[in-house]
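One-letter residues, chain by chain:
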Amino acid sequence: MAAKFTKRFEPNSVAIIEPNDVHYYQPMWTLVGGGVKTFEQSRRAMKDVLPKTAKWIKENAVQFDPNNNLIVTSSGQKISYDYLIMATGLQLDYHKVKGLVEALKTGKVCSIYSPVYVKQTFSAIKNFKGGNAVFTFPNTPIKCPGAPQKIMYLAEDYFRKHGIHVDANVMYFTSLPVIFGVKKYANALMKIVEKRNINVSLRHNLIEVVPDKNLAVFENLDKPGAIHTVNYELLHVTPPMSPLDVLKSSPLVDGSGWVDVNKDTLQHVRFSNVFAIGDCTNLPTSRTAAGIAAQSGVLYRNLVSFIEKKPISAIYNGYTSCPLITGYGKCILAEFDYNQQPLETFPINQGKEMWMFYFMKKDLMPQLYWQLMLRGNWEGPQLIRKLAHFGMSR
């Protein structure tokens, strides 16, 4: 968003509060976990990706005061603003699963969601020699909700290619009532797990890991108090996630701690000069990079209209995308809207595994991100979709 607005305003009119030295392309971490990409390929120095004409305030925001248009930083600096875009993301709560932080040090437990743990994921997969390989999906909103399955499919494919699959029992425990929220893609994925003998347990949430006994403990969400314990030789954990702690007491959030925006316009429902994008919002759609790309164009046009005191008219339809890697060289390209209805770019059945979609995920999408999206020049494939469907698509 900063890259978009620095093109419109004078130098240093746009400020970015960002404490980190490194920026990660996190959608690549599935491929890092599967041994396809290196961790180094997913990272860039923050100074190299921020727009040069923006003012970089290299601190944490520790307090938001939208009633007075103020932000307080970790040094105590008070920053006033005319317009605010919230893009704080969310936080990973590994500590909320008993024993998990300790288990992640053992070599058998891994997670692609953190820069601290993603590098050990492929080692855990390579060192697996048989037994239960367990993959989890938590009972909270998460970013990239297809990723827990993607790393599972890559691991199972690795076992198969290396002759380990005959001794492997691949298990997927998800808190959700379905394997995927969009029926078309859920049906395709169920056929894949059945064909590859992957055991799926719905409505199960990981609550504890006992690393010295290699035990994963799940609660059955449909039967309060019912516990299911599984022995593992490999455990991949998707951690619980939540809004940043600094937001939870802010006037900007709803009752669950997410920034409270109009789902169509991305404008805050109470503070009209505040807009928000991505994982920190309460938008009822999947949190993905593709979703953020589509949101960026809507937010930009609406904030420009607001600044110019014109009516806000751009509408976000909830578009998001999840390239569901199902193995090395195979991928289903899920694209859908707020109503959980497919909103596909190509005039073919994207619910089928295709090498083309895997190539897009592996090689094309990282370039779109680094070269276009971070420079404010990529707002998703809607134009391509309209051309591919001869103007008949939404």
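Heads up: these notes are all about the structure in this document. (Residues numbered from 1 in each chain as written. Predicted model: local features only at pLDDT ≥ 70, side-chain atom pairs only at ≥ 80, totals over all residues. Heavy atoms only, no water.)

A few points about helix 10 (residues 355-372)
Given 3.6 residues to a turn, an α-helix orients residues that are three or four positions apart in the same direction. So the rule is basically this: Put simply, DSSP marks the helices as runs of H or I at least four residues long and the strands as runs of E at least two long, and each gets a number from the N terminus on. Expected span, for any helix, means 1.5 Å times one less than how many residues it has. What we call the bend at a residue is the angle made by axes fitted to the seven residues finishing there and the seven residues starting there. Only protein chains enter the accessibility calculation, which uses a 1.4 Å probe; a residue whose area is less than 20% of its type maximum is buried, one above 50% is exposed, and one in between is partly exposed.
The terminal C-alpha atoms of helix 10 lie 24 Å apart, and with 18 residues this matches the ideal 26 Å at 1.5 Å per residue to within 8%. Leu-364 marks where helix 10 bends most, by close to 40°; the proline Pro-366 follows one to four residues later. Taken as a whole, helix 10 has its buried residues at Phe-357, Tyr-358, Met-360, Lys-361, Met-365, Pro-366, Leu-368, Tyr-369 and Trp-370.

Focus on the side chain of Glu-335
Definition in use: Asp and Glu count as negative and Lys and Arg as positive, but His and the ends of the chain are not part of the count. Any carboxyl oxygen of Asp or Glu within 4 Å of a side-chain nitrogen of Lys or Arg constitutes a salt bridge here. In protein, a polar contact means a hydrogen-donor-capable atom and an acceptor-capable atom, both N or O and within 3.5 Å, with residues adjacent in sequence counting only if both atoms are side-chain atoms; elsewhere, any N or O pair within 3.5 Å suffices. Contacts are assigned to residue pairs with any non-hydrogen atoms lying within 4.5 Å of each other.
Take Glu-335: it is sitting in strand 21 (residues 330-336). Despite its burial, Glu-335 remains without a salt bridge, the nearest opposite charge being carried by Arg-385 at 4.5 Å. One polar contact links Glu-335 to Tyr-319, side chain to side chain, over a distance of 2.4 Å. Separated by 2.9 Å, the side chains of Glu-335 and Gln-350 make a polar contact. Among all residues touching Glu-335, those that are not within four sequence positions of it are Tyr-185, Tyr-319, Thr-320, Ser-321, Gln-341, Pro-342, Leu-343, Glu-344, Thr-345, Gln-350 and Pro-381.

Quick look at the packing of aromatic side chains
Defined as follows: For Phe, Tyr and Trp, where Trp contributes only its six-membered ring, two rings pair if their centres lie within 6.5 Å, and the inter-plane angle classes them as stacked under 30 degrees, edge-to-face over 60, or tilted in between. Here, a charge over a ring is recorded when the distance from Lys NZ or Arg CZ to the ring centre is within 6 Å and its angle to the ring normal is within 35 degrees.
Within the structure shown, the criterion is met by 19 aromatic pairs. Joined through ring pairs, the aromatic side chains of Phe-5, Phe-9 and Tyr-300 make up one cluster. A cation sits over an aromatic face here: Arg-44 above Trp-370, 4.1 Å from the ring centre. For Arg-287, the ring lying beneath its charged end belongs to Trp-258, and the centroid distance is 4.2 Å.

Remarks on the nonpolar core
Applicable threshold: To define a nonpolar core, start from buried Ala, Val, Leu, Ile, Met, Phe, Trp, Tyr and Cys residues and group those joined through side-chain atoms within 4.5 Å.
Membership of the largest hydrophobic core comes to 117 residues, with the highest contact counts inside it found for Met-86, Phe-135, Phe-159, Phe-180 and Leu-234. Counting residues per element, this core draws most heavily on helix 6 (residues 147-161), at eight residues. Setting aside its immediate chain neighbours within four residues, Leu-234 contacts Lys-108, Cys-110, Ala-124, Ile-125, Phe-128, Asn-132, Ala-133, Val-134, Phe-135 and Phe-159.

Observations concerning the sheet that holds strand 11 (residues 131-137)
The condition is simple: Paired strands, as defined in this entry, are two strands with at least two bridges between them according to DSSP.
Taken together, the five strands give an open sheet; going across it, the order is 10-17-11-12-13, and neighbouring strands pair in parallel fashion. The open sheet has two edge strands, strand 10 (109-110) and strand 13 (199-201), and neither has a second partner. Two elements, strand 11 and strand 17 (residues 234-236), share three bridges in a ladder whose sense is parallel. Bridge pairing in strand 17 links Phe-135 to His-236.

Re the state of the cysteines
The cut-off we apply is this: Two cysteine sulfurs form a disulfide in these notes if their separation is within 2.5 Å.
For the structure shown, the criterion picks out zero disulfides. No disulfide involves Cys-110; its sulfur sits 16 Å from that of Cys-144, the nearest cysteine. Overall, Cys-110 belongs to the buried group, its relative accessible area being 1%.

Section: the environment of Pro-115
Along the chain, Pro-115 turns up in the loop between strand 10 and helix 5 (121-127). Once the C-alpha coordinates of Pro-115 and Tyr-24 are considered, the two residues, 91 residues apart in sequence, prove to be 8.5 Å apart. Dropping the residues within four chain positions of it, Pro-115 is found in contact with Tyr-24, Trp-29 and Phe-39.

Concerning the sheet that holds strand 6 (residues 70-73)
What holds strands together in a sheet is hydrogen bonding between their backbones, with the strands either parallel or antiparallel. Here is the rule: Note on geometry: axes are C-alpha line fits, over the in-contact stretch for helices, and angles between N-to-C directions span 0 to 180 degrees.
The three strands lie next to each other as 5-6-7, forming an open sheet whose pairing is antiparallel. Edge positions in the sheet fall to strand 5 (61-65) and strand 7 (78-80), since each of these pairs with one other strand and no more. Each neighbouring strand pair of the sheet contributes to a mean axis angle of 25°, computed without reference to strand direction. Pairing geometry for strand 5 and strand 6, over four bridges, is antiparallel. Among the inter-strand pairings, Gln-63 is bridged to a residue of strand 6, identified as Val-72.

A look at the environment of Asp-245
Relative to the helices and strands, Asp-245 is located in helix 8 (residues 245-248). Spatially, the C-alpha atom of Asp-245 lies 8.2 Å from that of Gln-91, the residues being 154 residues apart in sequence. Within the local environment of Asp-245, its side chain forms a polar contact with the side chain of Lys-248, the two groups lying 3.1 Å apart.

Some thoughts on the pairing of strand 11
Rule in force here: Crossovers are described as right-handed under a simple rule: with the strands pointing away from the observer, the path leading from the first strand over the helix to the second runs clockwise.
Taken across its seven residues, strand 11 has six buried, putting it largely inside the fold. Of the strand pairs in this sheet, strand 11 and strand 12 (residues 168-174) are connected by seven bridges, and their pairing is parallel. Residue pairing across strands places Ala-133 opposite Val-170, the latter belonging to strand 12. Once the chain exits strand 11 it traverses helix 6 before rejoining the sheet at strand 12, and the crossover so formed is right-handed.

A word on unusual backbone geometry
We note that Asn-214 has phi near 55°; this positive angle belongs to a residue other than glycine. Along the chain, Asn-214 turns up in the loop between strand 14 (204-210) and strand 15 (215-220). The phi dihedral of Lys-309 falls on the positive side, at around 60°, and the residue is not glycine. Note on placement: Lys-309 falls in the loop between helix 9 (289-307) and strand 20 (320-327).

What to know about helix 7 (residues 183-195)
Stated precisely, the cut-off is as follows: When we speak of the arc, we mean the arc of directions from the helix axis to the C-beta atoms.
Here helix 7 spans 18 Å end to end across 13 residues, near enough to the 18 Å set by a 1.5 Å rise per residue. Taken residue by residue, helix 7 has Tyr-185, Ala-186, Ala-188, Leu-189, Ile-192 and Val-193 as its buried positions. Taken down its axis, helix 7 places every buried residue within 165° of arc, on the same side. Along helix 7, the residues that are exposed and aim more than 90 degrees away from the buried face are Lys-183, Lys-191, Glu-194 and Lys-195. Packing partners of the buried residues in helix 7 comprise helix 6, strand 13, strand 20 and strand 21.

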